[in-house]
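Next come the chains, spelled out residue by residue.
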Amino acid sequence: MMTNNTETTQPSNSYKIIYYLYMAFAFYFLIGIYANFHEGIWEILYQLSSSAVLLSMAVASYFIFQKMRQGNDSVLADIRSGILVIIFLAIILFLGSFEFKQSFYAVFEPTKTVIADEYTTQVKDYRGTKEYYLFFDDKENPSSCDSRIQKCKYQYKVRINSGTYQQINNKQQMAKDNPLKIFYKPKAEILMKWKAI
């Protein structure tokens, strides 16, 4: 009696789904570095994708070092590959700790709303790309910082798109008192949406 063993040779649908999800996250991460969508759900997805890429590097490093060890039964080879794994994982976890924390806040932190009448925008060049930021204070809960210290002037910072940067700059120049209503995640530093009031 013959049995059908096609189930063992074909990858299951759940593995395919995981693979395609990972590829989508990796692709989104690569596009997100240069693309101009860093607000709302798109920034949340970008932060999740960067965490997924870092986590996959940790898993891949384990399998790479296991392959390096195969056929090498010496104690010295075991020690060397163990040290390399520990160093590489430590570097990834150190770098990833910031990314993983940001991803956690991006998903689970509730959105806050503030009225900001003091705000400024800034452009930073980072690894060949321009990053746009909005710095602002909460009008109803002013900062407890000493106003003479410039670093404490703005309590909050969020990353914004270049189009938002242009719009807010225009509003800021049109009138001195031109407040904004800002919906954001403070620890994740994500702007969900904004409007002029």
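Since this is a predicted model, take the numbers as computed values, not measurements.

Conventions adopted
Residues numbered from 1 in each chain as written. Predicted model: local features only at pLDDT ≥ 70, side-chain atom pairs only at ≥ 80, totals over all residues. Heavy atoms only, no water. Helix = DSSP H or I, 4+ residues; strand = E, 2+ residues; numbered from the N terminus. Buried < 20%, exposed > 50% of the residue type's maximum accessible area, 1.4 Å probe, protein only. Contact = heavy atoms within 4.5 Å. Areas by Shrake-Rupley, 256 points an atom, 1.4 Å probe, with all protein chains shown as cover. Salt bridge = Lys/Arg side-chain N within 4 Å of Asp/Glu carboxyl O. Patch = residues over 30% accessible without salt bridge, like charges linked within 9 Å, V, L, I, M, F, W, Y side chains within 5 Å. Phe/Tyr/Trp six-rings, centres within 6.5 Å; stacked < 30°, edge-to-face > 60°. Lys NZ or Arg CZ within 6 Å of the ring centre and 35° of its normal. Core = buried A, V, L, I, M, F, W, Y, C linked by side-chain atoms within 4.5 Å. Polar contact = N/O pair within 3.5 Å; in protein donor to acceptor, adjacent residues only side chain to side chain.

The next point concerns the overall build of the protein. Of regular secondary structure, the protein possesses five helices and six strands. For the protein, the α and β elements follow one another from N to C terminus as α-α-α-α-β-β-β-β-α-β-β. Within the protein, the proportion of its 197 residues that are buried is 32%. Contacts in the protein between residues at least 24 apart in sequence constitute 60% of all its contacts with a sequence separation of at least 6. Looking at the protein as shown, the accessible area adds up to about 13,500 Å², and 61% of this sits on carbon and sulfur atoms.

Our focus in this paragraph is the pattern of salt bridges. In total, this model carries three salt bridges according to the counting rule given. The shortest N-O distance in the salt bridge between Asp125 and Lys130 comes to 3.8 Å. Of the charged contacts in the structure, one is a salt bridge between Arg159 and Glu131, with a shortest N-O distance of 3.8 Å. With Arg159 in strand 4 (residues 156–160) and Glu131 in strand 3 (residues 129–136), this pair connects stretches of sequence that are 28 residues apart.

Along the chain, Leu134 turns up in strand 3. Residue class for Leu134 comes out buried when judged on its relative accessible area of 0%. For the pair formed by Leu134 and Thr164, sequence separation is 30 residues and the distance between their alpha carbons is 9.2 Å.

The next subject is a nonpolar patch on the surface. Together, Tyr19, Tyr20, Tyr22 and Met23 give the surface a local cluster of nonpolar side chains, amounting to about 440 Å² of exposed area. Mapped onto the elements, Met23 comes out in helix 2 (residues 13–34). For Met23, a relative accessible area of 38% corresponds to the partly exposed category.

A few words now on the side chain of Gln47. Structurally, Gln47 is set in helix 3 (residues 40–69). Overall, Gln47 belongs to the buried group, its relative accessible area being 7%. When near neighbours in sequence (up to four residues on either side) are disregarded, Gln47 contacts Gln102, Ser103, Ala106, Ala188 and Ile190.

Tallied over the full model, the rule gives 10 aromatic pairs. Taken together, a centroid distance of 5.9 Å and an interplanar angle of 65° make the contact between Phe104 and Tyr105 edge-to-face. Residue Phe104 is classed as partly exposed on the basis of its relative accessible area, which comes to 48%. Since its relative accessible area comes to 22%, Tyr105 is described here as partly exposed. The rings of Tyr28, Phe37 and Trp42 are connected pair by pair, giving a single aromatic cluster. For the cation-ring pair, Lys124 lies above Tyr133, with the distance from its terminal atom to the ring centre recorded as 5.1 Å. Over the aromatic face of Phe183 sits the side chain of Lys193, whose NZ or CZ is 4.9 Å from the ring centroid.

We now examine the nonpolar core. One finds Leu134, Phe136, Val158, Ile160, Ile182 and Tyr184 to be the most contacted residues of the largest nonpolar core, which totals 16 residues. Those elements giving two or more residues to this core turn out to be strand 1 (112–116), strand 3, strand 4, helix 5 (162–174), strand 5 (180–185) and strand 6 (190–196). The next biggest cluster of nonpolar side chains, apart from the first, holds five residues, and it includes Ala26, Tyr28, Phe29 and Val53.

For the rest of this paragraph, the subject is the environment of Tyr46. Along the chain, Tyr46 falls in helix 3. Accessibility expressed as a relative area gives 13% for Tyr46, which makes it buried. Remark: the alpha-carbon pair of Tyr46 and Phe29, spanning 17 residues in sequence, is separated by 5.9 Å.

Quick look at the side chain of Asp137 now. As for its position among the elements, Asp137 is in the loop between strand 3 and strand 4. On the basis of relative accessible area, Asp137 is assigned to the buried category, the value being 11%. Of the polar contacts made by the side chain of Asp137, one reaches the backbone nitrogen of Gln155; its length is 2.8 Å.

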